[in-house]
Amino acid sequence: MNKIIVTGGAGYIGSHTLVELSRNGFSPIVVDNLCNTSIQNIKGAEKIIGNKIPFYKIDCTNESEFKKVFETEKNVKGVIHFAAFKSVEESVREPEKYFKNNIGSLEVLLKLMNDNGLNNIIFSSSCTVYGSPDVLPVNESAPFKKAESPYGESKQLCEELLNKSDINSVSLRYFNPIGSHESGLIGDYSADKANNLVPIITETAIGKREQITVFGDDYNTPDGTCLRDYIHVVDLANAHVKALNHVLQNKSKSVFNIGTGKGVSVLEAIRIFEEVNELQINFKIGPRRAGDVEQIYSDNTLSTNELNWQAKIPLENAMKSAWKWELKKSY
Ligand code: UD1
């Protein structure tokens, strides 16, 4: 059995990864304290794969509790570490919470891995580590710029921790994950107030918000609005399987961008959502949002060549599934 511990496996990206792991011959074991998601994501993943998934309701910063998982589960091959707080806005208000939890949980995990001779970890990083990059598309050799938020800084510090550790690792720098599994059985249950573009579009479409404000149309981009690289969460989940195979074979340390390679503007994203779902979104142009990067999209050369991974699912499908999830979640 290819047992893999998945911290934060009940979350948005984690639950999608459970499904991809199972489809590819791995047996995920979830460690999650459910502080910002729902048990429904584990039940949904079990329904999709037709199998039970072992689940430990544990906070990863609690070493004595977390240790029990390593004592109980023998022959684990590796760990995927998703468990973290993820609200940029909250991190600005409560930076200590982010440093304590996001860094603290990785420290505990690395110690337990060392104690138990477990050598392979995949870490959830973010393109936010690049800040505002000088060269586009951005590749993995671009330097870390000053982080835009404590959340971003926590990701930079975690990557540095992994670099210093003796454990083999892959850090995946996600671009902007969107969409949901086509079944509608798993998705984003987090209680964070939506701050990201696509959840705000769907909340506007369903009437939870009156209007969406486009943050600035005077950027140096084709239509004046910011460019981002929106990646379907199922493609992103699949990258974790590739990363796991990579670390198990190569026993090395590496970092990969996980994006589509395509920059999409805010106005394009709204238009595509409207077209595929046959809806009209009420939007207005507003001022720029503080801390926003004008444009960022991924150079995928490394993940294509070394992980043999590429994003496959079109943006249109992601926008359809995002709407399906909003409908499911709201009724
Ligand atoms: C944000 C975080 C990033 C995190 C990512 C997770 C910041 C600075 N960065 O990225 O660290 O990894 O979320 O998904 O917060 N937009 C609007 N109106 C809205 C909301 C967003 O115009 O109501 C625009 C933004 O200006 C931006 C684009 O939509 O150009 C995407 O925004 P968002 O979804 O918040 O993601 P990022 O800012 O790229």
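Cut-off values and rules
Residues numbered from 1 in each chain as written. Predicted model: local features only at pLDDT ≥ 70, side-chain atom pairs only at ≥ 80, totals over all residues. Heavy atoms only, no water. Helix = DSSP H or I, 4+ residues; strand = E, 2+ residues; numbered from the N terminus. Rg over C-alpha atoms; globule rule 2.2 N^0.38 Å. Buried < 20%, exposed > 50% of the residue type's maximum accessible area, 1.4 Å probe, protein only. Contact = heavy atoms within 4.5 Å. Areas by Shrake-Rupley, 256 points an atom, 1.4 Å probe, with all protein chains shown as cover. Lys, Arg positive; Asp, Glu negative; His and termini not counted. Charge placed at Lys NZ, Arg CZ, Asp CG, Glu CD. Core = buried A, V, L, I, M, F, W, Y, C linked by side-chain atoms within 4.5 Å. Near = heavy atom within 4 Å. Polar contact = N/O pair within 3.5 Å; in protein donor to acceptor, adjacent residues only side chain to side chain. Phe/Tyr/Trp six-rings, centres within 6.5 Å; stacked < 30°, edge-to-face > 60°. Lys NZ or Arg CZ within 6 Å of the ring centre and 35° of its normal. Pairing = 2+ DSSP bridges. Right-handed = clockwise from strand over helix to strand, strands pointing away. Expected span 1.5 Å × (residues − 1).

## A word on the overall build of the protein
(1) Moving on: Helix and strand content of the protein: 11 helices and 13 strands.
(2) Moving on: Over its C-alpha trace the protein gives a radius of gyration of 19 Å, about what one expects of a compact globule, namely 20 Å for 331 residues.
(3) Moving on: Structurally, the protein occupies a C-alpha span of about 55 × 45 × 40 Å along its principal axes.
(4) Moving on: When each of the 331 residues of the protein is scored for burial, the buried share is 54%.
(5) Moving on: Summarising the internal contacts of the protein: among those between residues at least 6 apart in sequence, 82% fall at separations of at least 24.
(6) Moving on: Accessible area of the protein: about 14,700 Å², with a carbon and sulfur share of 47%.
(7) Moving on: The positive charge centre, built from 37 side chains, and the negative charge centre, built from 41, are 6 Å apart in the protein.

## Details of the nonpolar core
(1) Moving on: Counting residues in each nonpolar core, the largest one holds 35 residues, and the members touching the most others are Ile122, Leu172, Leu244 and Ile258.
(2) Moving on: Contributing elements (two or more residues each) for this core: strand E1 (2–7), helix H1 (12–23), strand E2 (26–32), helix H2 (40–49), strand E6 (168–174), helix H8 (233–250) and strand E11 (253–258).
(3) Moving on: Counting residues per element, this core draws most heavily on H8, which supplies eight residues.
(4) Moving on: Counting 25 residues, the second-largest nonpolar core is a separate cluster that includes Cys60, Leu106, Phe123 and Leu162.

## A short note on the site of the ligand
(1) Moving on: As a structural note, the neighbourhood of the ligand is formed by 19 residues, with Leu197, Thr213, Arg228, Arg289 and Asp292 the closest of them.
(2) Moving on: A distance of 3.2 Å separates an oxygen atom of the ligand from a polar atom in the side chain of Thr128.
(3) Moving on: In the model, an oxygen atom of the ligand is placed 2.5 Å from a nitrogen or oxygen of the Asp292 side chain.
(4) Moving on: For the ligand, whose free accessible area comes to 740 Å², the fraction covered by protein is 88%.
(5) Moving on: A per-element tally of the shell around the ligand places strand E8 (residues 212–215) first, with three residues.

## Concerning unusual backbone geometry
(1) Moving on: Here the bond from Leu136 into Pro137 is cis, since omega is -10°, no more than 30 degrees from zero.
(2) Moving on: Mapped onto the elements of the fold, Pro137 is located in the loop between strand E5 (120–126) and helix H6 (150–164).
(3) Moving on: Not every positive phi belongs to a glycine, and Leu34 is a case in point at roughly 55°.
(4) Moving on: For Asn75, which is not glycine, the phi torsion reads 60° and is therefore positive.

## Some words on the packing of aromatic side chains
(1) Moving on: Counting across every chain of the model gives four aromatic pairs.
(2) Moving on: Ring geometry for Tyr189 against Trp325: centres 5.1 Å apart, planes inclined by 85°, an arrangement best described as edge-to-face. Of this pair, Tyr189 sits in the loop between strand E7 (176–178) and helix H7 (197–206) while Trp325 sits in helix H11 (residues 315–330), and the two are 136 residues apart along the sequence.
(3) Moving on: In this structure, Lys97 is placed above the aromatic ring of Phe85, and the distance from its NZ or CZ to the ring centre is 4.6 Å.
(4) Moving on: We note Arg288 situated over the ring of Tyr219; from NZ or CZ to the ring centre the distance is 3.9 Å.

## Description of the pairing of E2
(1) Moving on: Within E2, six of the seven residues are buried, which leaves the element mostly enclosed by the surrounding structure.
(2) Moving on: Where E1 lies against E2, six bridges are found, and the strand directions are parallel. Note that in E2 the partner of Lys3 across the bridge is Ser27.
(3) Moving on: Running through H1, the crossover from E1 to the neighbouring parallel element E2 is right-handed.
(4) Moving on: As defined by bridge partners, E2 adjoins strand E3 (residues 55–57) across three bridges and the pair is classed as parallel.

## Section: H6
In an α-helix, one turn spans 3.6 residues, which is why side chains three or four residues apart end up on the same side.
(1) Moving on: End to end, H6 covers 21 Å across 15 residues, agreeing with the expected 21 Å (1.5 Å per residue, within 8%).
(2) Moving on: Residues of H6 that are buried sit in contact with helix H4 (88–93), helix H5 (95–115), E5, E6 and E11.

## Some words on the environment of Asn257
(1) Moving on: When you line up the elements, Asn257 lands in strand E11.
(2) Moving on: Judged by relative accessible area, which is 0%, Asn257 ranks as buried.
(3) Moving on: Separated by 41 residues in the primary sequence, Asn257 and Gly216 have C-alpha atoms spaced 27 Å apart.
(4) Moving on: Excluding anything up to four places from it in sequence, Asn257 contacts Tyr130, Val138, Asn139, Glu140, Arg173, Phe175, Ser298, Asp299, Asn300 and Ser303.
(5) Moving on: A distance of 2.7 Å separates the side chain of Asn257 from the side chain of Tyr130, its partner in a polar contact.

## Some remarks on the side chain of Glu326
(1) Moving on: With respect to the helices and strands, Glu326 occurs in helix H11.
(2) Moving on: Relative accessible area serves as the criterion here: at 2%, Glu326 is assigned to the buried category.
(3) Moving on: At 2.7 Å, the side chain of Glu326 and the side chain of Thr202 are in polar contact.
(4) Moving on: Residues contacting Glu326, with those up to four places away along its chain left out, are Pro199, Thr202, Glu203, Ile206 and Lys208.

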